[in-house]
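Architecture and fold: a report
The chain contents come next:
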Amino acid sequence: MEVVDSDAFAKLANLRHQLKAAEKADSVEGGILALKQTRETVIAAIQAFQHSRYALGRALCAYRSYFKAEGSWTQAVKIIAENIGVGERTVYRLMEGYESASRLPQTMLEVLEEQKIDPAAGKNSDLVDNLLEMPAPKTREEAASAVKAASQSHLEKKRAAKKAIAKLSQRDGLDQFAHRILKQFGERYRSVKAERRDEEVRYILELVVNTLRSDIRELRQYGRPALVPKPTMKEAA
């Protein structure tokens, strides 16, 4: 007998209710049945978010087409972001990632899926760009070869970047490394509006935490930088 997770069921029902409310605040276009099917596709993609950003981005783009009022769509994005535990900007990036990857030939997309490479994931954006620059494959074998070559090039670039960072880290102490990164942030965002700056800084921090698989759950704000505590350095046994 299958055990039903009552909490998960309640969360799912609440998500469906919230999305319906956002839809009702707008005169959505298209048939009611088609809208319902698209909404359910979005909900299913949200549940599988960790496995396929491409599928969620595709579902979101289809769902977006039903909204006429920007405010109602913004509300829907907020609901979706809260449900999957990310910032609203991340939801828009999911759609952007899908739209970029969807320009790839279908055979390439199929090969990427077989190899469990999510073309809409931010970490694979360079790989997608490389594939888009290649001639369209005429056969599945050509598509597989193109993906293999692009993946190898992408991997080599990542390794080179890691080595470069490692060299800098070895040369710098913690304070020097932190201040060098802070200086780069300061130079980039000196004349950027606060709202855009905060969105991009959040994106960068989320990217670092997720790439390094760090267990950081929250960041704290202190009255001044000098109050931020330094990490405890554990001595090797």
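A brief look at the structure comes next. (Residues numbered from 1 in each chain as written. Predicted model: local features only at pLDDT ≥ 70, side-chain atom pairs only at ≥ 80, totals over all residues. Heavy atoms only, no water.)

**So, the overall build of the protein**
- Looking only at helices and strands, the protein has 10 helices and 0 strands in total.
- Along the protein, from the amino end to the carboxyl end, the secondary structure elements read α-α-α-α-α-α-α-α-α-α.
- Expressed as lengths along the three principal axes of its C-alpha atoms, the size of the protein is roughly 60 × 55 × 50 Å.
- Split by element, the accessible area of the protein, about 17000 Å² in all, is 53% carbon and sulfur. (Helix = DSSP H or I, 4+ residues; strand = E, 2+ residues; numbered from the N terminus. Areas by Shrake-Rupley, 256 points an atom, 1.4 Å probe, with all protein chains shown as cover.)

**Section: a nonpolar patch on the surface**
- Taken together, the side chains of Leu 205, Ile 216 and Leu 219 present a nonpolar region at the surface, about 290 Å² in accessible area.
- For Leu 205, the location among the structural elements is in helix α10 (residues 194-211). (Patch = residues over 30% accessible without salt bridge, like charges linked within 9 Å, V, L, I, M, F, W, Y side chains within 5 Å. Salt bridge = Lys/Arg side-chain N within 4 Å of Asp/Glu carboxyl O.)

**Some thoughts on the packing of aromatic side chains**
- Under the defined criterion, the tally for this structure stands at 5 aromatic pairs.
- Where Tyr 63 meets Phe 67, the ring centres are 5.2 Å apart and the plane angle is 85 degrees; that geometry is what we call edge-to-face.
- Overall, Tyr 63 belongs to the buried group, its relative accessible area being 0%.
- Through pairs of rings, three or more aromatic residues link up here, namely Tyr 63, Phe 67 and Trp 73. (Phe/Tyr/Trp six-rings, centres within 6.5 Å; stacked < 30°, edge-to-face > 60°. Buried < 20%, exposed > 50% of the residue type's maximum accessible area, 1.4 Å probe, protein only.)

**Some points on the pattern of salt bridges**
- Considering all chains together, one arrives at 11 salt bridges under this definition.
- Among the salt bridges present, the one from Arg 89 reaches Glu 96, with a minimum N-O distance of 3.0 Å.
- Across the pair Arg 140 and Glu 110 runs a salt bridge whose closest N-O atoms are separated by 2.6 Å. One end of the pair, Arg 140, is in helix α8 (residues 140-171); the other, Glu 110, is in helix α6 (residues 106-114), with 30 residues separating them in the sequence.
- Salt bridges sharing common partners tie together Glu 110, Glu 114 and Arg 140.

**Overview of a negative patch on the surface**
- On the surface, Glu 82, Glu 88, Glu 195 and Glu 199 cluster together into a patch of negative charge.
- With respect to the helices, strands and loops of the structure, Glu 88 is situated in helix α5 (residues 88-101).
- For Glu 88, a relative accessible area of 34% puts it in the partly exposed group. (Lys, Arg positive; Asp, Glu negative; His and termini not counted. Charge placed at Lys NZ, Arg CZ, Asp CG, Glu CD.)

**Notes on unusual backbone geometry**
- Within the chain, Lys 116 stands out as a residue other than glycine whose phi angle is a positive 55 degrees.
- On the secondary structure map, Lys 116 appears in the loop between α6 and α7 (125-133).
- Residue classification places Lys 116 among the exposed positions, given a relative accessible area of 77%.

**Regarding the packing of helix α3 (residues 53-64) against α5**
- Interaxial distance between α3 and α5 falls to 8 Å at its minimum, and their mutual angle equals 100 degrees. By the criterion of interaxial angle, the relationship of α3 to α5 is roughly perpendicular. On α5, the residues touching Arg 53, Tyr 54, Leu 56, Gly 57, Arg 58, Leu 60, Cys 61 and Arg 64 of α3 are Thr 90, Val 91, Leu 94, Met 95, Tyr 98, Glu 99 and Ala 101.
- Across the contact of α3 with α5, the residue classes tally to 9 nonpolar, 2 polar and 4 charged. (Axes fitted to C-alpha atoms, helices over the stretch in contact; angles between N-to-C directions. Parallel < 35°, antiparallel > 145°, perpendicular 65-115°, else oblique. Contact = heavy atoms within 4.5 Å. Nonpolar A, V, L, I, M, F, W, Y, C, P; charged D, E, K, R; others polar.)

Bear in mind that shape data such as this cannot, by itself, settle questions of function.
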